Every structure is written in structure tokens, then in C-alpha cells.
Amino acid sequence: ETILEKISKACLKFQIPLSLDETYATIVDEAIKLVKGDDGFIVRETDMNLETVYGSSEDSATYKVRNNGNSRKSLTENKAIIMHHDEIKITDKVNYLKGIRSVIFIPLSYKENTEGVLVIRSLKEKYFTKQETDILLLFGSFASLAIKKNELYDQTKQALEVRDMFISLASHELRTPLTSINGYIQLLYSKMGS
């Protein structure tokens, strides 16, 4: 199976309707499989702060993202960042003590906007290669489209619910005066006809 076939197979999972949380889970799980990582999570920006919105393990799901760390740098510069064993040992002792030896940050970009960052961690002192980085960058483009598609679907669904509620209320309000008018016409007709 070629690299493109693996990416294509992974991206086909975005074709079925998924909730936003299911989309996040699929992105992380497929990215881990593509590069044989051990763990991963997705970071998004909310109210100018970075927040972990999904993690494949309990540790990654509760990971506290530093607003001035590599996730922010990958997000703002829209580029992949790789941290190797020696860098993690110096700059991220918490992860190092948990056994994390390699980390890659992949921006999830849609058009000109970066939607978030995909972070894949490895317990091996393997350095993510250029080929693995390219694979994740390509996959990240498809993943960001899946996130955007899901968000647009949710917005459309909400708009349709508001529309349906408006139509329901408007028809009720129109029906009520028509019933009263119809009653008065019946009353006038009965008085005039007798």
C-alpha cells in the first residue's frame, strides 16, 4: 500500500456523517496510524487561548497547552514543528518524565485560516522524518476540511431549526386571528340571514 493510498483510505472516513467530536477522534486516530505515533491530540483557539479539544488518551485529553509554546507557533506561523528527544528533555520536562521522546505539531489549515493544530507524540526517540511530516501536512489539509465541513453543517442545521420555529410561530399567530375573523363572519352571517 502506497503512502497516497494510506492517506486516501484515512480521508475516506471523513465522508460519513460525523459529529465534531467524532471528527476530532478520527483525525487523531488516523494520523497516529499514518506515522505510527503513540498518542495525539487536537488544539483549537477559543477566546484567544489554546485549548485541547480532543485527546486520544487521558493524558493527552487533559493536556494543558501553553499559549506561547509550539502549538501557538505552529498555529500562527502555519508550519510543522518537530521536537526531538533532547529538546523535550530541556523544554518540556513534564512530557519527558511521562516518556514522550518525539513530538510533531501539524497546523490544520483551511484556505488562509489555521483551524487548529494536530499534535502527535511518540514514546520512541525516533525523529519524525521529512516524509512523515509531508504525510501529516497533506493529511492535515483534508482533516481541516473535515472540521470546517462539520462546523458548516452544524451552522446550517441550527439555521434550519430557527427557520422551522419561525414558520411554526408565524403560522400559529396567523391562524389565531383568522379563527376570530371567521367566527365574526359566521355571527354576522347568521344575524343577517335571519
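Every chain is numbered independently, its residues counted from 1 as its sequence is written. Local features in this predicted model are restricted to residues of pLDDT 70 or higher, and side-chain atom pairs are both shown and tallied only at a pLDDT of 80 or more, whereas totals for entire chains, interfaces and linings draw on every residue. Only heavy atoms go into the side-chain values, all of them from the structure, while hydrogens and water stay out.

A. Layout of the overall build of the chain. A run of DSSP states H or I qualifies as a helix once it reaches four residues; a run of E qualifies as a strand once it reaches two. Both are numbered from the N-terminal end. A tally of regular secondary structure across the chain gives 7 helices and 5 strands. Of the regular secondary structure in the chain, the N- to C-terminal order runs α-α-β-β-α-α-β-α-α-β-β-α. The C-alpha atoms of the chain give a radius of gyration of 26 Å, which is well past the 16 Å a tight globule of 194 residues would have. In terms of principal-axis extent, the alpha carbons of the chain reach across some 100 × 35 × 30 Å. Think of it in three bands: with a 1.4 Å probe and only protein chains considered, a residue is buried below 20% of the maximum accessible area for its type, exposed above 50%, and partly exposed in between. Within the chain, the fraction of its 194 residues that count as buried is 38%. Contacts: residue pairs with any heavy atoms within 4.5 Å of one another. Residue pairs in contact within the chain that sit at least 24 positions apart in sequence constitute 56% of those at least 6 positions apart. Shrake-Rupley sampling with a 1.4 Å probe provides the accessible areas, and residues are treated as covered by the protein chains on show and by no other component. In the structure as shown, the chain presents an accessible area of about 12,200 Å², 59% of it carried by carbon and sulfur atoms. In this description the radius of gyration comes from C-alpha coordinates, and the expected globular size is given by 2.2 Å times residues to the power 0.38.

B. Representation of a nonpolar patch on the surface within the structure. Think of a patch as exposed residues, more than 30% relative accessible area, with no salt bridge, where like charges cluster within 9 Å and nonpolar side chains (Val, Leu, Ile, Met, Phe, Trp, Tyr) cluster within 5 Å. Between Lys or Arg on one side and Asp or Glu on the other, a salt bridge is scored when a side-chain nitrogen of the former is within 4 Å of a carboxyl oxygen of the latter. On the surface, Leu4, Leu138, Phe142 and Leu145 cluster together into a nonpolar patch covering about 370 Å² of accessible area. If one sorts the elements of the nonpolar patch by residue count, helix H7 (residues 130-193) sits on top with 3 residues. With respect to the helices, strands and loops of the structure, Leu138 is situated in helix H7.

C. Local environment of helix H2 (residues 20-35). Given a rise of 1.5 Å per residue, 16 residues ought to cover 22 Å, and the 23 Å separating the end C-alpha atoms of H2 matches this to within 8%. Count one or two residues on from H2 and you reach Lys36, which has phi positive near 60 degrees. To estimate how far a helix should reach, multiply one less than its number of residues by 1.5 Å.

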